[in-house]
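So you can see what is in the structure, the chains are spelled out below.
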Amino acid sequence: MNEKSERNHAECQSLIRPVHDALEVLNGKWKLPIIISLSFGNKRFSEMSKEIAKITDRMLSKELRDMEVNGLIKRTVHDSIPVVVEYALTEYGQSLDPVINELRKWGVEHRRRAGVPVP
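Residues numbered from 1 in each chain as written. Predicted model: local features only at pLDDT ≥ 70, side-chain atom pairs only at ≥ 80, totals over all residues. Heavy atoms only, no water.

### Things to note about the nonpolar core
As a rule of thumb, nonpolar side chains are buried together in soluble globular proteins. Basically, it comes down to this: In plain words, nonpolar cores are sets of buried Ala, Val, Leu, Ile, Met, Phe, Trp, Tyr and Cys residues tied together by side-chain atoms within 4.5 Å. With a 1.4 Å probe rolled over the protein chains alone, any residue whose accessible area is under 20% of its type maximum counts as buried; one over 50% counts as exposed, and the rest are partly exposed. For the purposes of this entry, the term helix denotes a DSSP run of H or I that reaches at least four residues, the term strand denotes a run of E that reaches at least two, and both are numbered from the N terminus. By definition in these notes, contact holds between two residues if any of their heavy atoms fall within 4.5 Å.
Counting 17 residues, the largest nonpolar core has I34, I35, L38, M48, L64, L72 and I73 as the members making the most contacts within it. Broken down by secondary-structure element, the contributors of at least two residues to this core are α2 (31-38), α4 (57-69) and β3 (84-89). Setting aside residues no more than four positions away along its own chain, M48 makes contact with I34, S37, L38, K43, L60, L64 and Y87.

### Examining the layout of surface pockets
The rolling of a water-molecule-sized probe over the atoms marks out the regions of remaining empty space. Put simply, the rule reads: Points on a 1 Å grid over protein atoms alone make up a cavity when a 1.4 Å probe fits among them but cannot get out, and a pocket when they form an open set with protein on both sides within 12 Å along at least five of seven lines; lining residues each have an atom within 4 Å of a point. Grid points are joined across faces, edges and corners, and a volume is the space filled by probe spheres set on the points. Classes in brief: Ala, Val, Leu, Ile, Met, Phe, Trp, Tyr, Cys and Pro nonpolar; Asp, Glu, Lys and Arg charged; the others, Gly included, polar.
Looking at the largest pocket, its volume works out to about 320 Å³. Those elements that provide at least two residues to the lining of the largest pocket are α2 and α6 (97-113). With eight residues, the top contributor of residues to the lining of the largest pocket is α6. Across the lining of the largest pocket, the residue classes tally to six nonpolar, three polar and three charged.

### Overview of the sheet that holds β3
Defined as follows: If DSSP finds at least two bridges between two strands, the strands pair. Here the axes come from fitting lines to C-alpha atoms, over the contacting stretch only for helices, and the angles between their N-to-C directions go from 0 to 180 degrees.
Read across the sheet, three strands follow the order β1-β3-β2 without closing on themselves; strand pairing throughout is antiparallel. With one partner strand each, in any of the chains shown, β1 (43-44) and β2 (73-78) form the two edges of the open sheet. Summarising the sheet, β1 and β3 pair through two bridges and their orientation is antiparallel. Its bridge partner being in β3, K43 is matched across the sheet by Y87. Together, β1, β2 and β3 form the strand contacts of α2, whose direction differs from that of β3 by roughly 100°.

### Section: the pairing of β3
Moving residue by residue along a regular strand, the side chains alternate between the two faces of the sheet. With six bridges joining them, β2 and β3 adopt antiparallel strand pairing. Residue pairing for β3: I73 is matched across the bridge by L89. Hairpin geometry of β2 and β3 is characterised by an intervening segment of five residues between the two adjacent antiparallel strands.

### Some details on the side chain of E63
Counted only if it meets this: The definition of a polar contact used here is a pair of N or O atoms within 3.5 Å, where within protein one atom must be able to donate a hydrogen and the other to accept one, and adjacent residues in sequence count solely through side-chain atom pairs.
Within the secondary structure, E63 is located in helix α4. Of the residues examined, E63 reaches a relative accessible area of 4% and is grouped as buried. Side chain to side chain, E63 and K31 meet in a polar contact 2.9 Å long. The contact partners of E63, leaving out residues within four places of it in the chain, are N27, W30, K31 and I34.

### Description of the UniProt feature "domain: HTH hxlR-type" (unreviewed entry) in the protein chain
Let me state the cut-off plainly: UniProt positions are given in the numbering used here, feature names are shortened, and annotations may be inferred rather than shown by experiment.
The UniProt record marks residues 12-115 with the feature "domain: HTH hxlR-type" (unreviewed entry), using the residue numbering of this structure. Spanning residues 12-115, this segment combines 61% helix with 13% strand, and its end C-alpha atoms are found 34 Å apart.

### As for unusual backbone geometry
With an omega dihedral of -5°, the bond running from I81 to P82 counts as a cis peptide bond. Following the sequence through the fold, P82 ends up in the loop between β2 and β3.

Structure follows, in structure tokens:
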């Protein structure tokens, strides 16, 4: 490869790697809806299960565990009877707000281009 080709390759890789890393953390169709749900306030499992259409309890449980491991959400067990478990976005999870807003804008425009009504 010549010098320009190598520089372009390095620049390309410097864009691809971090995007790939982000997609690894946010993979699947449920993590962003969970983050959006929690962006409206702390929620119990059953609240999220009702709010996020078509997600199974098993999948919600799996995704919440994965998101907790990645530091996107915090799980709090309240010492009460019955025991109450609440989920909240961490500051790190909240840092995705601008990304989600840009995805929403793109999605609205995509729906318009496709002639699909925008809710």
